[in-house]
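The residues making up each chain are set out below.
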Amino acid sequence: MSNAQEPALDGVSWAPWLQASFEHALAARSHAVLLEGASGMGQWPLSLALAQAWLCDTAPAERESGHACGRCDSCNLLAAHTHPDLRVLMPETVALEVGWPLSESAQAEIDDKKRKPSKEIRADDAAAMVAFAQRTPARQRGKVALVYPAERMNTFSANALLKVLEEPPGALRFLLATEGSAPLLPTVRSRCQSTALTWPSAEASLAWLQAAGLSAEAASTWLNATGGRAHAALQMNAHANQQDWAGLPQQASAGQLEGLTRLHGTDPAAWMQSLQKLCHDQLARASGAAPRFFSTAQLVSAPQASASALLAWADQLRGHAARAHHPLKPELLLELLAQQASSAHAAPGSQGRKPLN
Ligand SMILES: [Zn+2]
């Protein structure tokens, strides 16, 4: 299955549209590279492929398309997550999602339920990264520090990293990948050479998803649900059930949102995103435009809501999304979201605001 041209990194097959960004970043002369794209565009496999290529022991002339050989000691260490010259800095929630190991102490604290996995890059981890930056490389290919998603650094972490970025110790490459969800400190950005991730066509994405084992229907459902982000679609397929997505319009109109927890677990930010997608598509339906995230058949399983009710619902959802970092208790929030979803779909007459016509 895996060869030099199509590295299968941690089980995710290489998406051909990442190749241009890969080659662009590989050719960068700067010691710090910034990969920029919307979330779910393949930042993680692209970052790993770059780190692996930089650290690979095989001479570049003997590799295919610039990719790591996949066979040398360095590649084996990386595949085992034990490469001494690679340091990955990411929020614990993301590490658990992509299957990257946490430090023993962090894993023990989470297993013992002393705390929840952090959604931000922790200051402790940033400090460990600074210590790593100052260490001599263990092998001969230099060191790589990977930060993903870079915008999840808090001020302390960003400042600790900035010091290293300003005076990079020799033989250290920085790889920062963003998901475009929040702006990066300009001082961090200005020290990096930027590479943009490109959007694949729907045809290329669908073909790739089907090659990864998804049915045509699942590929199309998840690609639409994620707004055309193929890697996010692959992840949704692994964690969620298509029926829960397809049923969301009808359930929201009935004030039943249990499906949201099956789709996203206890992640209020993700709940809000899905409801905003639904609200967007119901507004499109109300104005006769094409939906983007759901199929028309899924949308019409809910009663036609009035544009004014949907606009009011969109406002409510925006308000919740702005407070996503300090919300109500999740179960109370879900209850409130369910109420608001069902009243947005209630017959106009039931709220006493039926327009005369
Ligand atoms: Zn190698």
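Scroll up for the structure.
This one's a predicted model, so the numbers in the text were calculated from it and none came from an experiment.

**Let's talk about the overall build of the protein**
- Looking only at helices and strands, the protein has 18 helices and five strands in total.
- For the protein, the C-alpha atoms occupy an extent of roughly 75 × 40 × 40 Å along the three principal directions.
- Counting all 357 residues of the protein, 45% fall into the buried class.
- A separation of at least 24 residues holds for 69% of the contacts in the protein among residues at least 6 apart in sequence.
- Of the roughly 17,300 Å² of accessible surface on the protein, 52% is carried by carbon and sulfur atoms.
- For the protein, the distance from the average site of its 29 positive side-chain charges to the average site of its 31 negative ones is 5 Å.

**Regarding the packing of helix α1 (residues 19-26) against helix α2 (residues 43-55)**
- The contact between α1 and α2 brings their axes to 10 Å, and the two run at 40°. Classed by the angle they form, the pair α1 and α2 counts as oblique. Two packed elements cross with a definite hand, and for α1 against α2 that hand is right-handed. Every residue of α2 that contacts α1 at S21, F22, A25 and L26 is listed here: L46, A49, L50, A53 and W54.

**Details of the sheet that holds strand β1 (residues 32-36)**
- With parallel pairing, five strands are arranged side by side in an open sheet as β2-β3-β4-β1-β5. The open sheet has two free edges, formed respectively by β2 (86-89) and β5 (193-196), since each of these has just one partner strand. Between one strand axis and the next, the sheet turns through 20° on average, direction left out of account.
- In this sheet, strand β4 (residues 172-177) lies alongside β1 in parallel orientation, the contact comprising four bridges. By the bridge assignment for β4, A32 is matched with F174.
- Seen against the sheet, helix α6 (residues 123-134) touches β2, β3 (143-147) and β4 and runs at an angle of roughly 160° to β3.

**Side note on the coordination of the zinc ion**
- Within the protein, C56 (SG), C69 (SG), C72 (SG) and C75 (SG) serve as the donor atoms for the zinc ion, at 2.3 to 2.4 Å.
- Geometry at the zinc ion is tetrahedral, judged from the four donor atoms that bind it and their angles of 102 to 117° at the metal.
- Note on C72: relative accessible area 11%, which makes it buried.

**What about the pattern of salt bridges?**
- Applying the stated rule across the entire model yields nine salt bridges.
- In this structure, E92 and R122 form a salt bridge, with 3.7 Å as the shortest nitrogen-oxygen distance. Here the residue E92 occupies a position in helix α4 (residues 92-98), and R122 occupies one in the loop between α5 (104-111) and α6, the gap between them amounting to 30 residues.
- Exposure remark for E92: the relative accessible area of 2% places this residue in the buried category.
- A relative accessible area of 23% places R122 in the partly exposed class.
- Note that E109 and R115 form a salt bridge whose closest N and O atoms lie 2.6 Å from each other.

**As for unusual backbone geometry**
- In this model, Y148 is joined to P149 through a cis peptide bond whose omega is -15°.
- Mapped onto the fold, P149 is located in the loop between β3 and α7 (155-166).

**Describing α2**
- Under the 1.5 Å per step criterion, the end-to-end length of α2 is 18 Å for 13 residues, consistent within 8% with the ideal 18 Å.
- The buried fraction of α2 is high, at 13 of 13 residues.

**Description of the environment of A338**
- Inspection of the secondary structure puts A338 in helix α18 (residues 330-345).
- Residue A338 is classed as buried on the basis of its relative accessible area, which comes to 10%.
- Sequence separation of A338 and Q251 is 87 residues, and the distance between their C-alpha atoms is 8.9 Å.
- If near-sequence neighbours (up to four positions away) are discounted, A338 is found in contact with A252, G255 and L257.

**Notes on the pairing of β3**
- A large share of β3 lies buried, amounting to five of its five residues.
- In β3, alternate side chains face the same way, and those of K143, A145 and V147 on one face and V144 and L146 on the other are all buried.
- In this sheet, β3 lies alongside β2 in parallel orientation, the contact comprising four bridges. Across the sheet, the residue bridging to V88 is L146, located in β3.
- Alignment of β3 against β4, held across five bridges, turns out to be parallel. Bridged to K143 within β4 is L172.

Here is what the cut-offs are and how they apply
Residues numbered from 1 in each chain as written. Predicted model: local features only at pLDDT ≥ 70, side-chain atom pairs only at ≥ 80, totals over all residues. Heavy atoms only, no water. Helix = DSSP H or I, 4+ residues; strand = E, 2+ residues; numbered from the N terminus. Buried < 20%, exposed > 50% of the residue type's maximum accessible area, 1.4 Å probe, protein only. Contact = heavy atoms within 4.5 Å. Areas by Shrake-Rupley, 256 points an atom, 1.4 Å probe, with all protein chains shown as cover. Lys, Arg positive; Asp, Glu negative; His and termini not counted. Charge placed at Lys NZ, Arg CZ, Asp CG, Glu CD. Axes fitted to C-alpha atoms, helices over the stretch in contact; angles between N-to-C directions. Parallel < 35°, antiparallel > 145°, perpendicular 65-115°, else oblique. Left-handed = near helix turned anticlockwise from the far one by under 90°. Pairing = 2+ DSSP bridges. Donors = N, O, S within 2.8 Å, 3.2 Å for Na, K, Ca; no water. Tetrahedral: all angles 85-135°; square planar, octahedral: opposite > 155°, others 65-115°. Salt bridge = Lys/Arg side-chain N within 4 Å of Asp/Glu carboxyl O. Expected span 1.5 Å × (residues − 1).

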